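Survey of secondary and tertiary structure
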Amino acid sequence: MNRLLLRIDAVARQSVPVALTLLLVLISALPPVLPVFREAAPAWVLIAVFHWSVQRPELMPVQAAFVIGLLQDLLLGLPPGSSALIYVVLRGVAGRIAQLTAGRGFVNLWIMFAGAAAGAGLLRYLIMTVWLERVLDPVPALFELLLTVGVFPLVSWLLTRLQRGLLTHA
């Protein structure tokens, strides 16, 4: 019985990154509470997928990034597969970023995240422009990028604390 409980504990701990990211998908589908988030809000899910893909890639497999993206598309009414594509690409890019930033400090990781978020934002903008068959105002996308890059340190710190607290034995 003790072995079974240990296995259940390990599986529960290992599912934290994907479960938390799915929770962020659900939260992002809620109506915005703050008026400032009506036009654009930080890309919470993008931050989580990036964080886990860099810090614990074995716990954020490509398949999970794909499913998370599909769920987000369904809940937010985005073009089917667009978020899935973005998160799968981000998952791959994050692996390279992890190699480039290993041992170089948080500021380097933040700069690399800013570049990855800008690429993801541009891809989202282009997909939406094609999907809606009109050129969109880029200001909300730029504002979302700034918010996302701005809150990244706090969210990354929180996820790192969670990682240390829950995943040290996983």
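Report on the accompanying structure. For clarity, every value in this text was computed on a predicted model and none was experimentally measured.

**Regarding a nonpolar patch on the surface**
Taken together, the side chains of Leu 23, Leu 26, Ile 27, Leu 30, Leu 75 and Leu 76 present a nonpolar region at the surface, about 520 Å² in accessible area. Listing elements by their share of the nonpolar patch, those giving two or more residues are α2 (16-28) and α4 (62-76). Here the nonpolar patch gets 3 residues from one element, more than from any other, and that element is α2. Here Leu 26 shows up in helix α2. Its relative accessible area of 47% is what places Leu 26 among the partly exposed residues.

**A few points about the side chain of Ser 53**
As for its position among the elements, Ser 53 is in helix α3 (residues 44-55). For Ser 53, a relative accessible area of 1% puts it in the buried group. Of note is the side chain of Ser 53, whose polar atom sits 2.6 Å from the backbone oxygen of Val 49. Aside from chain neighbours lying at most four places away, what touches Ser 53 is Met 60, Arg 91 and Ala 94.

**Topic: the side chain of Gln 72**
Within the fold, Gln 72 resides in helix α4. Engagement of the side chain of Gln 72 in a polar contact is seen with the side chain of Tyr 87, the distance being 2.4 Å. Once residues within four sequence positions are removed from consideration, Gln 72 is found in contact with Val 25, Ser 28, Val 45, Leu 78, Ser 83 and Tyr 87.

**Points about the pattern of salt bridges**
Taken as a whole and assessed by the stated rule, the structure comprises 1 salt bridge. A salt bridge links Arg 56 to Glu 58; the shortest N-O distance between them is 2.6 Å.

About the cut-offs
- Residues numbered from 1 in each chain as written.
- Predicted model: local features only at pLDDT ≥ 70, side-chain atom pairs only at ≥ 80, totals over all residues.
- Heavy atoms only, no water.
- Patch = residues over 30% accessible without salt bridge, like charges linked within 9 Å, V, L, I, M, F, W, Y side chains within 5 Å.
- Areas by Shrake-Rupley, 256 points an atom, 1.4 Å probe, with all protein chains shown as cover.
- Salt bridge = Lys/Arg side-chain N within 4 Å of Asp/Glu carboxyl O.
- Helix = DSSP H or I, 4+ residues; strand = E, 2+ residues; numbered from the N terminus.
- Buried < 20%, exposed > 50% of the residue type's maximum accessible area, 1.4 Å probe, protein only.
- Polar contact = N/O pair within 3.5 Å; in protein donor to acceptor, adjacent residues only side chain to side chain.
- Contact = heavy atoms within 4.5 Å.

This is a description of form; function is not addressed.
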